[in-house]
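Each chain is listed here by its residues.
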Amino acid sequence: MIFEALPMAPADPILGLTEAFNKDPNPNKINLSVGVYKDAAGKTPVFRSVKRAEERILQRETSKDYMPIQGAPDYARAVQALVLGADHPAVSEKRVATAHTPGGTGALRVAGDFIKHMLPGRTVWLSNPTWPNHPNVFKAAGLPIDTYPYFDAAANALDFDAMIAKLKTIPEGDVVVLHGCCHNPTGIDPTPEQWQIIGDILDARRLLPLIDFAYQGLGDGLEEDAAGVRALCRPGREMFICSSFSKNFGLYNERVGALTVVAANEQGAQIALSQLKACIRANYSNPPAHGAAIITTVLNDPDLRAEWEAEVAAMRDRINGMRTLFVDTLKAKGVQRDFSFLKQQRGMFSFSGLTKEQVETLRQKYAIYILGSGRINVAGMTPGNMDTLCDAIAAVLR
Ligand code: LMR
């Protein structure tokens, strides 16, 4: 007997909650755990621009031949323009290389494998707190991890001084993971000025930034949300950027993302890409085609692109509207605690400040699912579930 003697793995803190949610018979259940967008009707629909692109792809597709190990070149170009902006000098200098990966998590893992094999001895530094899967991914790649301060719980704000003080002590050459926008789980990002200061310190300390960029467009806008990434993409400076298109294209189950390496020069980019290809080949060989074909089709067609940009804007506006409605509804129900900080935060997530016990009561008594850390997915709120949600929160706070 081999398998039955093994220990059971604990449920995933995010996806495990959705498994429990799906089994919950309560008709009023609300899932604010996993970062999946819901529209006002509580559905996660396929974007219209995506459906139209798929119709075109279906018409023109003639083969299911393998993709290149790093994916299609036109996808790489489209991703680079979206992330860095059209005509970024780093792209024209040919010092940027992009590999198409299965989701943003795939990009993180390929980056982790690359660091483990090619840059031995480096620690990966994560914000405290961070996405609970970050430690898993980098540890699975065999990398040591550590943390830098990020969140000031008392002020519900970025603890910028503590963050900077720590970055100044990180050993030269180590890897610093930053959230490009819509920080997961706090919803709090550095300002453009703070990004410049972070960039100066990373430069001075010769630290290697790895930007997890999973929510471009969900904060303040597609261009605005890229301010941090672009502030760090400086002449001669190197970085990794891990993009996910699960949220901003609604392509969760297509698993489509990208790992972009910005090198100091063209030769560096070519060498890095050759090593990324070696990591990918040993891992999943080459990427699944469909999601990237959708993204390339949408981004390169002016009409589809305009429709997609409007869909992203509508999603962003709905999330920000839910932030306001949530804060106002709690207040109207007589909740004394000030939740107005949620209005300043961006993206799908916020730290609610609810304790583990309150989170547990919300789940057991009211079938409301949020993460044990108190992280709530604002994009799961709707005008229809707001009263039930706020009544329950008011009750647990009483
Ligand atoms: C989340 O944080 O909920 C999302 O990034 C989805 C996931 O895979 O965890």
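Computed from a predicted model, the values in this text were never measured in an experiment. (Residues numbered from 1 in each chain as written. Predicted model: local features only at pLDDT ≥ 70, side-chain atom pairs only at ≥ 80, totals over all residues. Heavy atoms only, no water.)

(A) How the structure looks around the overall build of the protein chain. Looking only at helices and strands, the protein chain features 15 helices and 13 strands. The C-alpha radius of gyration computed for the protein chain amounts to 21 Å, which stays within 12% of the reference 21 Å derived for 398 residues, consistent with globular compactness. Projected onto its principal axes, the C-alpha coordinates of the protein chain cover approximately 60 × 60 × 55 Å. Buried residues in the protein chain amount to 55% of all 398 residues. (Helix = DSSP H or I, 4+ residues; strand = E, 2+ residues; numbered from the N terminus. Rg over C-alpha atoms; globule rule 2.2 N^0.38 Å. Buried < 20%, exposed > 50% of the residue type's maximum accessible area, 1.4 Å probe, protein only.)

(B) View of empty space enclosed by the protein. Taken as a whole and judged by the stated rule, the model has two cavities of 30 Å³ or more. As a volume, the largest cavity reaches approximately 40 Å³. Lining the largest cavity, in full, are Gly199, Leu202, Asp203, Pro209, Leu232, Arg234, Arg237 and Glu238. Element by element, the count of residues in the lining of the largest cavity is highest for helix 8 (residues 192-205), at three residues. (1 Å grid on protein atoms, 1.4 Å probe; cavity = no way out; pocket = protein on both sides within 12 Å on 5 of 7 lines; lining within 4 Å. Points joined across faces, edges and corners; volume = space filled by probe spheres on them.)

(C) Fine view of the pairing of strand 4 (residues 145-149). With five bridges connecting them, strand 3 (residues 124-128) and strand 4 associate as parallel partners. Residue valine 124 lies in a different strand from strand 4, and its bridge partner there is isoleucine 145. Each parallel crossover has a hand, and for strand 3 linked through helix 6 (residues 133-140) to strand 4 it is right-handed. (Pairing = 2+ DSSP bridges. Right-handed = clockwise from strand over helix to strand, strands pointing away.)

(D) Representation of the site of the ligand in the model. Inspection of the region around the ligand gives Ile14, Val34, Gly35, Trp131, Asn184, Tyr215, Lys247, Phe349 and Arg375 as its neighbouring residues. Here an oxygen atom of the ligand and a side-chain polar atom of tyrosine 215 are 3.4 Å apart. Lysine 247 is positioned with one of its side-chain polar atoms (N or O) 3.2 Å from an oxygen atom of the ligand. Its free accessible area being 260 Å², the ligand has 83% of it covered by the protein chains. One can see that the ligand is located within the largest pocket. Taken together, the residues that form the shell around the ligand break down as five nonpolar, two polar and two charged. Looking at which domains feed residues into the shell around the ligand, each of domain 1 (12-46 + 310-397) and domain 2 (66-300) supplies at least three. (Near = heavy atom within 4 Å. Polar contact = N/O pair within 3.5 Å; in protein donor to acceptor, adjacent residues only side chain to side chain. Areas by Shrake-Rupley, 256 points an atom, 1.4 Å probe, with all protein chains shown as cover. Sits in = over half its atoms within 2 Å of the grid points. Nonpolar A, V, L, I, M, F, W, Y, C, P; charged D, E, K, R; others polar. Domains from an automatic or database assignment.)

(E) Highlighting the nonpolar core. Judged by nonpolar contacts, the single largest core of 129 residues is most densely connected at Leu178, Leu210 and Phe326. Taken together, domain 1 (12-46 + 310-397) and domain 2 (66-300) each give at least three residues to this core, which thus spans both. Once residues within four sequence positions are removed from consideration, leucine 210 is found in contact with Leu108, Ala111, Ile115, Phe138, Val175, Val176, Val177, Leu178, Phe240 and Cys242. (Core = buried A, V, L, I, M, F, W, Y, C linked by side-chain atoms within 4.5 Å. Contact = heavy atoms within 4.5 Å.)

(F) How the structure looks around the sheet that holds strand 10 (residues 257-262). Across the sheet, which stays open at both edges, the seven strands sit in the order 2-10-9-8-7-3-4 with mixed pairing between neighbours. On the outer flanks of this sheet lie strand 2 (96-101) and strand 4, each paired with one strand and no other. If you compare each strand with its neighbour and ignore which way they point, the axes differ by 25° on average. Sheet topology places strand 2 next to strand 10; six bridges connect them, and they run antiparallel. The partner of valine 96 across the bridge, within strand 10, is valine 262. Lying on the sheet, helix 8 is in contact with strand 7 (175-179) and strand 8 (208-213); it crosses strand 7 at an angle near 170°. (Axes fitted to C-alpha atoms, helices over the stretch in contact; angles between N-to-C directions.)

(G) Main features of the packing of helix 2 (residues 48-60) against helix 12 (residues 302-332). Viewed as axis vectors pointing N to C, helix 2 and helix 12 meet at an angle of 150°, and their least axial separation amounts to 8 Å. Here helix 2 is positioned roughly antiparallel relative to helix 12, judged by the angle of their axes. Of the residues in helix 12, those in contact with Arg48, Ser49, Arg52, Ala53 and Arg56 of helix 2 are Asp303, Leu304, Glu307, Trp308 and Glu311. Here the contact of helix 2 with helix 12 is built from residues that sort into three nonpolar, one polar and six charged. (Parallel < 35°, antiparallel > 145°, perpendicular 65-115°, else oblique.)

(H) Quick peek at the pattern of salt bridges. According to the stated counting rule, one finds 17 salt bridges in the structure shown. For the salt bridge of arginine 346 with aspartate 220, the shortest nitrogen-to-oxygen distance reads 3.0 Å. Linking arginine 346 in the loop between helix 13 (341-344) and strand 11 (349-351) with aspartate 220 in the loop between strand 8 and helix 9 (227-232), this pair joins segments that are 126 residues apart in sequence. Its salt-bridge partner being aspartate 391, residue lysine 333 comes within 3.1 Å of it at the nearest N-O pair. (Salt bridge = Lys/Arg side-chain N within 4 Å of Asp/Glu carboxyl O.)

(I) Fine view of the packing of aromatic side chains. Applying the stated criterion to the full structure yields nine aromatic pairs. Taking 6.4 Å as the distance between ring centres and 80° as the angle between the ring planes, the aromatic pair formed by tyrosine 75 and phenylalanine 245 counts as edge-to-face. Placement of the pair is tyrosine 75 in helix 3 (residues 73-84) and phenylalanine 245 in the loop between strand 9 (239-244) and strand 10, with a sequence separation of 170 residues. For the pair formed by tyrosine 75 and phenylalanine 245, the shared burial category is buried. Aromatic ring contacts, followed pair by pair, group Tyr75, Phe245, Phe249 and Trp308 into a single cluster. Sitting above the plane of the phenylalanine 21 ring, lysine 29 keeps its charged end 4.6 Å from the centroid. (Phe/Tyr/Trp six-rings, centres within 6.5 Å; stacked < 30°, edge-to-face > 60°. Lys NZ or Arg CZ within 6 Å of the ring centre and 35° of its normal.)

(J) Quick peek at the environment of valine 50. Along the polypeptide, valine 50 turns up in helix 2. For the pair formed by valine 50 and phenylalanine 160, sequence separation is 110 residues and the distance between their alpha carbons is 39 Å.

(K) Representation of helix 6. Within the sequence span of helix 6, burial applies to Asn133, His134, Val137 and Phe138. Within helix 6, the buried residues cover an arc of 125° as seen down the axis, which keeps them to one side. Packed against the buried residues of helix 6 are helix 5 (103-118), strand 3, strand 4, strand 7 and strand 8. (Arc of directions from axis to C-beta.)

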